Structures are given as structure tokens and as C-alpha cells.
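Coordinate analysis (summary)
Residues per chain are reported as follows:
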Amino acid sequence: MNQVPNRASSKAVMSGPDVSRAISRIAHEIVERNHGAHNVVLIGLQRGGTWIADVLAERIAQIEPNLVVPNGSLDVSMHRDDIGLRPIVPGAISEIPFDINCAVVVLVDDVLYTGRTVRAALEGLNNFGRPRAVQLAVIVDRGHRELPIRPDFVGKNIPTQASDEVDVSADGVTITAVES
Amino acid sequence: MKHCRSIDELGKEGLLRLLDSTDQMAEINRRPIPKVPALRGKTVVSLFFEDSTRTRLSFETAAKRLSAETMTFSVSTSSVNKGESLRDTVETITDMGVHAFVVRHKSAGVPWQIAQWTNASIINAGDGAHQHPTQALVDCYTVREAIGRHSLDGLNVTIVGDIKHSRVARSNIAAFTMLGARVTLVAPPTLLPPHTGQWPVQISHSLDEVLASTDVLYMLRLQSERMDQGLIPHLGEYGNRFGLTDVRAQRLQSSAVVMHPGPMNRGVEMHVDPADLPNSLIHKQVANGVSVRMAVLFDVLARGAEVNSLKEEVVA
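**Focus on the overall build of chain B**
From N to C terminus, chain B includes 11 helices and 9 strands. Classification of the 316 residues of chain B by burial places 56% in the buried group. Taking as baseline every contact in chain B between residues at least 6 positions apart, the subset at least 24 positions apart corresponds to 73%.

What follows is the structure, given as C-alpha cells:
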């Protein structure tokens, strides 16, 4: 049902409320998996993952009212393996104003695709310290992995063509089939 | 961009891009482990035919923090002493496989000349009295950081001293005016080049007259090593008229900042100890040097021009 036809068209696959409910569920799953949110820190990947990490932090605060979950962001552009192969995207600035040593880091991104961004993020995290564990939360897993990386928390699995473009925002998720 | 040789060549767009990118590099330098793999496999050679402390070290540090390989060319121990020409030196180094030359030379135009002999990128670390673009980037970034806003619109920048021999002044005049600042030059007539009429600047011969309206006071080093024509009668007199003394420092606006590209001639253009100045940016200039040069190296060496086929899909 979610298979996108191979023509130039946009299709909404999740509504705004769907995205919001998915983030709520992921918040509960993070708390459940880690037996509370003690020692959990969120790191949104620039740029698509940062707003999701912000919302996740709010939702976790509602579930665990006595706890503030530290929330940072990481720009992975200096750690990518395709530098020089594509135009440089103007960089966002990483902000991790807390110690990640011995913490459980939940990386947050909008779309999981090849896994190369996550690989770069894992490498980038090394510069900040040694987390006790790293988990991965994404709104959309669209398949086509090129590395042995899997998400721990998924909003929705959506099969796609490699040429599709997936757009995630608070207003929902759309897939645009691009004719090649 | 392929080369970084002058502010005019960069243009306003390039200038702004590099300043924004410097923010990102500064964040990397604040990390517990300030090193990223961005330029793995690239080789940068520093080719300095003139002396340098901070420019050379900051370029080499910048290259290492981006994981590039660095080679250092030292004129005093090289075959230049056996009569090897500049061209042969450049071609020899090119044959070893380098991606960027960081060049400092006493003659203006050398970075453009070298670019004809190699396919590597050229970064100008100072050519004669012509250009020193990375110093201007450092200074613009440092001022932006100090005033807390990106545009320098309406800011009064006063550049004092040996304009004639200063590549720093030439690059800074171009960069500061590109960002919207008003530049005033203060120097004795003998230390001004003949063609300042074409520059977008005001000229004054009295530091005391412009002190009160100055937001950024930029002191230049008196380049005694390039002075053999009796351009100033006496160092002491120069210091009295154009040096930053305690009295002058107190007459600055409370918000005004003081800069110097280094190395300082204490007792000539700098009578006060910069450590005693409340608004000295001199140490900030050095500290920001590494971040700025990382941004330049990354921009020059990580261009994505060759392959566009990956575009969107790898970003997801």
C-alpha cells in the first residue's frame, strides 16, 4: 500500500498527527528500553533530526517529570565518507554542552537511508567521549542500507525507490517520486 | 573555490561563506578531541620564503585537525641555496603529489605565478606588500565575534601605521569594506602608497583626531626590515605620533576594540601592554587563526565539483 508508483508525484504517507504520535511512542520506547531516562541523552543530527530531538525531549519530560534529558545536536559533515564527491552543504554547528562519557546516547534523525550519516555520527561522537551505549531513533526507515546499521526506534518503515525523495516535517511525511 | 589568493578574488560571497564555515570549525576546536577526518588523503605543503610564526603554525595545525598530511618546506635548508629556481621547486614538490600549496613570498603576485606551474590549489599566506587574505578573514571573524553581529555596517575601522608595506592593510581594507565598515587610514605621508586615492578609504595624518570616533583600532607593525629609504626620521618620534600610548588608549570609546596582526614592536607602535587593554582582541586573533585556516583548507580541498550524481540521496 505504501509502494510509491514510479512517476513524478508527491504522496503523503504520514500526517502531522501521525508524526506526533510516532514521536510520543518512541519517547515511551526509549524510557522502557532504558528502564527510565536516567543517564539518557538525546543528540539530534543536523539538520533534519534536531527538531525531532527537541520534541522527544519534551515528551520524555512528560513521562518522567522529575528528569531533564540533556538534548544536543551533532553536525556530521566533517565526518562523512563522501567529502569531495558532492557539493558541500553549508554546515550547521554541533552543540553538545554535556558529558557523553558513560551516557546512553540516543541519536535522532528524520530518515534512515544508506546508513552513512549514522556511521559518520558514530565516528563524530568519538571526539566527544565514550558513551556506554548508542541507540538510534528515526521517524522513517526507508530501506536501501549500504552499511550494517539498524535503528532501535522507528516511526514507520516505508519501502521506497532509491530515486524517491522523502521529506519529514512536523506537518507529516511525503514521498516524491523523481523520474530518472 | 580552487584558490584563496586575494580578498577580491574571493568576493563578498566567498568571504561570507568562509566566515560562516569558520563557526563550524571553531566548534570542532572546542571538542575534547579537536580532529576530524574531513581531508584524509590530502597533502598540504607550506612553502614559506619569508619568516612566520603564527601564520605557518596555524596553517599546519589547521591541516592536521582536518587530517590532511602536511609537508614543510624550509628555505634555509633547501636546494634554493644551491640556486634552484622557484619554478623548479614548485614542480618538484608537485611531482611528489600535493593538493595545496600555502605560499609566502616577498614578491607580489607569486601565488598567481605558481598556479601556472601546478594543478594544486594555491593559498596565499602573504605576497610582498600585496595580499594576506587569511589574515583579513581572521580579523573580520574576530570583529564579528566581538561585536556579536554579522554585518559590520557603520563600524568605523581605523588602520594605523605602515600602510605602504602592509599586505595585511590591503586585504583588510577590501574585506572590511565588503562587510560594510568605513575604513580610515592613519599614517605619515611617507608610509602611504601613492595610489590611495583609488581606495575606498579616508586618510588622516593624525591619530588623535580619529581616536574618539573609532570602533576598531587596527595597529600595524612597522616593517623595519623593508625600510631602507629613511621613510621615518626616528622610531621614537613615530611612536609618539602614531603609537598606541596609555593616554591614547584611555581616549578610546569604552566599546572600541584594539587589534594587531603581530608580531608587535613593543615601544614603537605599541607602547601599552596589550594585556592591560580591556578590549584587546590580539589573543583572539591568534586563537581564531586556526579555525579560519581550517575553513579555507576545507573550502579549497573538499570542493564537490567533480561528481554531482550523488547529490540529494547521500544527504538523507
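**Observations regarding the packing of helix α2 (residues 54-65) of chain B against helix α10 (residues 282-301) of chain B**
The relative placement of two packed helices is expressed as an angle between their axes plus a distance between the axes. All names here are of chain B. Contact pair α2 / α10: the axes reach a minimum separation of 8 Å and the direction vectors enclose 55 degrees. It follows that α2 is oblique to α10 by the angle criterion. The hand of the α2/α10 crossing is right-handed. Listed contacts from α10 to R54, T55, S58, F59, T61, A62, A63 and R65 of α2 are V286, G289, V290, R293, M294 and L297. When grouped by side-chain class, the residues that make up the contact of α2 with α10 number 7 nonpolar, 4 polar and 3 charged.

**Quick notes on the pattern of salt bridges**
All names here are of chain A. Applying the stated criterion to the full structure yields 19 salt bridges over all chains. Of the charged contacts, one joins D18 and R21 as a salt bridge, the two residues approaching to 3.2 Å between their closest N and O atoms. Here D18 pairs with R21, and both are found in helix α1 (residues 16-33), just 3 residues apart, close to one helical turn. In this structure D18 comes out as partly exposed when scored by relative accessible area, which is 29%.

**Quick look at the sheet that holds strand β7 (residues 165-169) of chain A**
Where strands meet in a sheet, backbone hydrogen bonds hold them as pairs that are either parallel or antiparallel. Residue and element names in this part refer to chain A. Strand order in the open sheet formed by 3 strands is β1-β8-β7, and the pairing between neighbours is antiparallel. Strands at the two margins of the open sheet, each flanked by one partner only, are β1 (9-15) and β7. The average undirected angle you get between the axes of adjacent strands in this sheet is 20 degrees. Here β7 pairs with strand β8 (residues 172-177) via 5 bridges, running antiparallel. Each bridged residue has a counterpart across the sheet, and for E165 the counterpart in β8 is T176. Packed on one face of the sheet, α1 meets β1, β7 and β8 and runs near 45 degrees to β1.

**Overview of the packing of aromatic side chains**
For any pair of aromatic rings, geometry is given as the distance between the ring centres together with the angle between the planes. Residues and elements named next belong to chain B. Here the structure, examined in full by the defined rule, presents 2 aromatic pairs over all chains. Seen from their ring centres, F49 and F73 are 5.7 Å apart, and the 50 degrees between their planes marks the pair as tilted. Taken together, the residues F49 in the loop between β1 (43-48) and α2 and F73 in strand β2 (residues 69-74) connect sequence positions 24 residues apart. F49 gets classed as partly exposed once you look at its relative accessible area, which sits at 21%. Using a relative accessible area of 11% as the deciding quantity, one classes F73 as buried.

What counts as what
- Residues numbered from 1 in each chain as written.
- Chains lettered and ligands numbered in written order.
- Predicted model: local features only at pLDDT ≥ 70, side-chain atom pairs only at ≥ 80, totals over all residues.
- Heavy atoms only, no water.
- Helix = DSSP H or I, 4+ residues; strand = E, 2+ residues; numbered from the N terminus.
- Buried < 20%, exposed > 50% of the residue type's maximum accessible area, 1.4 Å probe, protein only.
- Contact = heavy atoms within 4.5 Å.
- Axes fitted to C-alpha atoms, helices over the stretch in contact; angles between N-to-C directions.
- Parallel < 35°, antiparallel > 145°, perpendicular 65-115°, else oblique.
- Left-handed = near helix turned anticlockwise from the far one by under 90°.
- Nonpolar A, V, L, I, M, F, W, Y, C, P; charged D, E, K, R; others polar.
- Salt bridge = Lys/Arg side-chain N within 4 Å of Asp/Glu carboxyl O.
- Pairing = 2+ DSSP bridges.
- Phe/Tyr/Trp six-rings, centres within 6.5 Å; stacked < 30°, edge-to-face > 60°.

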